[in-house]
Amino acid sequence: MSLNRMEGKRAIVIGGSIAGKLSARVLSDFFEEVIVLEKDQKNDSIAIRKGVPQGSQGHVLLKSGEELLEELFPGIIAEMVKEGSTVSDFSSDLVWFHHGCRKISFDSGLSIIQQSRSFLEWHIQKRLEIIPNIDFRYGCTVKKLLLKDNKEISGITLEKHDGRQMNLSGDLVVDASGAASLTPKWLEELGFKKPKKTEVKVDLFYASMIFGKLADATANWHSLLVYPNPPKQSRGGTISPLEGNRHLVTLLGYGVEPLPNDHLSFLQYAKNLDQPDLYEAIKTAVPESGIEIYRFPALRRFHYDKLKQFPAGLLVIGDSFCRIDPVFAQGMSIAAMEAEVLRKLLKSSKTKEKLTKDFHRKISKIIDIPWLIALTEDFRFRHATGEKPIGLSFLQRYVKNVVLACSHNQTVYSQFMKVLHLKAHPVSLFNPAILAGVLSSKNKIE
Ligand SMILES: Cc1cc2nc3c(=O)[nH]c(=O)nc-3n(C[C@H](O)[C@H](O)[C@H](O)COP(=O)(O)OP(=O)(O)OC[C@H]3O[C@@H](n4cnc5c(N)ncnc54)[C@H](O)[C@@H]3O)c2cc1C
């Protein structure tokens, strides 16, 4: 028997961003009513929200995320393309310098759609608004969790924008409140232990500006990515298309100061990258926005799956559960994969206790992979600190050789792309064909 038939009357989602929206879509198939509580006010147009400060930075939707989004909202990808998203082949439309080498360009068959994060969120929002049992309540900040019988979550306390507080009962509560998640504190208040937290400090920053037309030299590509070349070079940058014939230009750096904070220092920073392409593209272009800076001090992961005592009916999803280095563009796709786990478990779980336990255990397994991918790269920066994965130096050497082989070997690059898009396990990089390509590469470190 599925959970909804047993007791699924009302689900409450804390936070109406990507993880919250995708969870709400899944829950709407199982609960009579899904209430999404969002502390921000409603946007009546495509706009950045205060509650999502990273919203002005580039957000790439990986192929895994795109496919799951399409499953949840059939036709949404075509709709976005019609309204301004750019379809790009991940190889032939992308100029990518990685560890100092340019990736081979070929028709890879792996395409992505590119747009601003607000545009993506807006399209998901429009789809949710036509689902009758989903109710978005804006200007509602969740303040605490309510517990019944010392073991089960029975709802939340929220505060409206005018300061009034009220309780709301619910059969299932999903925390999708992102980096600001207060679940560890709320658990303590209810008499439970806080989860263990793993942090890896990287001191990454993003600085982004929107430009209109770029230099003609860019006519044969859609996007440019200059990934840093650690440990020698900790600076990088990207250009990606936005809806409305605009471009988002992002400069980034690990442990780098000072940050570019005006147009002149932005250009100077771009000029100092190892590759001239980004600077050449923007040196005469006219900015259409100011600079938006976002600091990302550390990757952080909570081990809710390891807690022995945990209240049934509380699920933690998205960035509330784990925040990974955004350079790898995984966050939204991980949220989609977690929503998919939720859908499967809601179909099969017989009790709330089991659903809660299995959910955190399964999403922790999902996260193990992107976490390893990110840490393998992040620990190349000498200032990065935190718990290192087992076999790190072997992995770093092998992955660097994979990356270097991607500059001339299509087979290796195709598989590497699948791993980055969370469509294949990193172990597949040791398949015989890939291993042979890497070992025979003309471009490798010993
Ligand atoms: C600089 C940067 C660049 C990134 N680039 C990419 C990328 O290229 N690709 C990618 O896939 N991911 C990227 N990410 C990650 C991505 O932003 C997140 O993983 C994704 O948005 C999912 O987050 P979320 O929905 O869990 O939380 P968030 O998006 O942070 O949203 C949390 C929501 O909860 C609300 N909220 C918070 N507290 C409360 C409360 N108490 N009560 C009610 N509401 C509350 C907030 O207002 C907000 O709407 C990037 C992140 C950063 C920082």
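This part covers the sheet that holds strand S1 (residues 10-14). Strand order in the open sheet made by the five strands is S7-S2-S1-S11-S17, with parallel pairing throughout. Strands with a single pairing partner mark the edges of an open sheet, and in this sheet they are strand S7 (134-138) and strand S17 (314-316). Here the strands of the sheet are splayed against their neighbours by 20° on average, with no regard to which way each runs. Summarising the sheet, strand S2 (residues 33-38) and S7 pair through five bridges and their orientation is parallel. Opposite Leu37, over in S7, you have Arg137 as the bridge partner.

On to the sheet that holds strand S10 (residues 165-169). Ordered by their spatial adjacency, three strands build an open sheet running S8-S9-S10, and the pairing between neighbours is antiparallel. The sheet is open, and its two edges are formed by strand S8 (140-148) and S10, each paired on a single side. On average, each strand axis in the sheet is tilted by 30° relative to the strand beside it, whichever way the strands run. Across eight bridges, the pairing between S8 and strand S9 (residues 152-160) is antiparallel. Bridge pairing in S9 links Lys144 to Thr157.

Attention shifts here to empty space enclosed by the protein. For the structure shown, the criterion picks out four cavities of 30 Å³ or more. Taken as a whole, the largest cavity encloses approximately 210 Å³ of empty space. As for the largest cavity, its lining consists of 19 residues, of which Lys21, Asn43, Ala47, Arg49 and Glu121 are closest to the centre. Elements supplying a minimum of two residues to the lining of the largest cavity: helix H5 (117-129) and S7. Looking at the lining of the largest cavity element by element, the count peaks at five residues for H5. When grouped by side-chain class, the residues that make up the lining of the largest cavity number seven nonpolar, six polar and six charged. There is about 50 Å³ of room inside the second largest cavity. As for the second largest cavity, its lining consists of Ile18, Leu22, Leu61, Gly65, Leu69, Leu120, Ile124, Met332 and Ala336. Contributions of two or more residues to the lining of the second largest cavity are made by helix H2 (18-27), helix H3 (63-72), H5 and helix H9 (331-348).

Moving on, we get to the pairing of strand S4 (residues 94-98). Counting buried positions along S4 gives five out of five residues, so the element sits mostly inside the fold. The pairing of S4 with strand S13 (residues 223-226) spans four bridges and is parallel. Counted as the bridge partner of Phe97 is Val226 from S13. Relative to strand S5 (residues 101-102), S4 is paired through two bridges, and the arrangement is antiparallel. Of the residues in S5, the one forming a bridge with Phe97 is Arg102. Following S4, the chain reverses through two residues before pairing antiparallel with S5; His99 in that reversal takes a positive phi of roughly 50°.

By domain assignment, the chain separates into domain 1 (3-59 + 119-196 + 303-375), domain 2 (199-297) and domain 3 (388-439). Each partner contributes to the interface: domain 1 provides 14 residues, whereas domain 2 provides 15 residues. Together, the buried faces of domain 1 and domain 2 total about 1300 Å²; carbon and sulfur atoms form 66% of this surface. Split into classes, the residues belonging to the side of domain 1 that touches domain 2 amount to eight nonpolar, four polar and two charged.

What counts and what doesn't
Residues numbered from 1 in each chain as written. Predicted model: local features only at pLDDT ≥ 70, side-chain atom pairs only at ≥ 80, totals over all residues. Heavy atoms only, no water. Pairing = 2+ DSSP bridges. Helix = DSSP H or I, 4+ residues; strand = E, 2+ residues; numbered from the N terminus. Axes fitted to C-alpha atoms, helices over the stretch in contact; angles between N-to-C directions. 1 Å grid on protein atoms, 1.4 Å probe; cavity = no way out; pocket = protein on both sides within 12 Å on 5 of 7 lines; lining within 4 Å. Points joined across faces, edges and corners; volume = space filled by probe spheres on them. Nonpolar A, V, L, I, M, F, W, Y, C, P; charged D, E, K, R; others polar. Buried < 20%, exposed > 50% of the residue type's maximum accessible area, 1.4 Å probe, protein only. Domains from an automatic or database assignment. Contact = heavy atoms within 4.5 Å. Buried area = accessible area lost by both parts, 1.4 Å probe.

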